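# Analysis of the macromolecular model
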Amino acid sequence: MFAVEYTYSREDADARLAARPDHRSWLSGLVSTGVVVSAGAFADGTGALILVAADKIGDVDALRKLLADDPFATGGFIHGVQIREWSPVLGALSD
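Residues take numbers from 1 onward in each chain, read along the sequence in its written order. Local features are withheld for residues below a pLDDT of 70 in this predicted model, meaning they are given only at 70 or higher, and side-chain atom pairs are given and counted only at 80 or more; totals for whole chains, interfaces and linings count all residues. The basis for every side-chain value is the complete set of non-hydrogen atoms in the structure, without hydrogens or water.

A word on the sheet that holds strand β3 (residues 47–52). Pairing between two strands requires that DSSP report at least two bridges joining them. Strands here are runs of E lasting at least two residues and helices are runs of H or I lasting at least four, both read from the DSSP assignment and numbered beginning at the N terminus. Reading across from one edge, β2-β3-β1-β4 is the order of the four strands in this open sheet, with antiparallel pairing throughout. The strands lining the two open edges of the sheet, one partner per strand, are β2 (36–41) and β4 (80–85). Across the sheet, the mean angle from the axis of one strand to that of its neighbour is 15°, orientation sign disregarded. Relative to β3, strand β1 (residues 2–7) runs antiparallel, the two being bridged by six bridges. Bridge pairing in β3 places F2 opposite V52. Running over the sheet, helix α1 (residues 13–32) touches β1, β2 and β3 and is turned about 155° from β2. Axis definition: a line fit to C-alpha positions, over the contact stretch in the case of helices; interaxial angles, taken between N-to-C directions, run 0 to 180 degrees. Every residue pair with non-hydrogen atoms within 4.5 Å of one another is taken to be in contact.

Written as structure tokens, this is what we have:
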């Protein structure tokens, strides 16, 4: 699995809010195909976490290419992206 962390700026919060329906629609499509396992914003509004099924996306380069299509990315609302391989060993996502 890949854990993707987005970093947002508070300065463009209003514009990002306007783009949120397109962003969520994009994510929903990825959830329906099993590429995205879960996604959500941090409560303080500074970013978000997206969990991606590695077996559905392939490698980090393919993931970066996919993330470039996110409406938040095309709108310039993502100020940082960190991608880490993650191996859940306990709990609901460990299956």
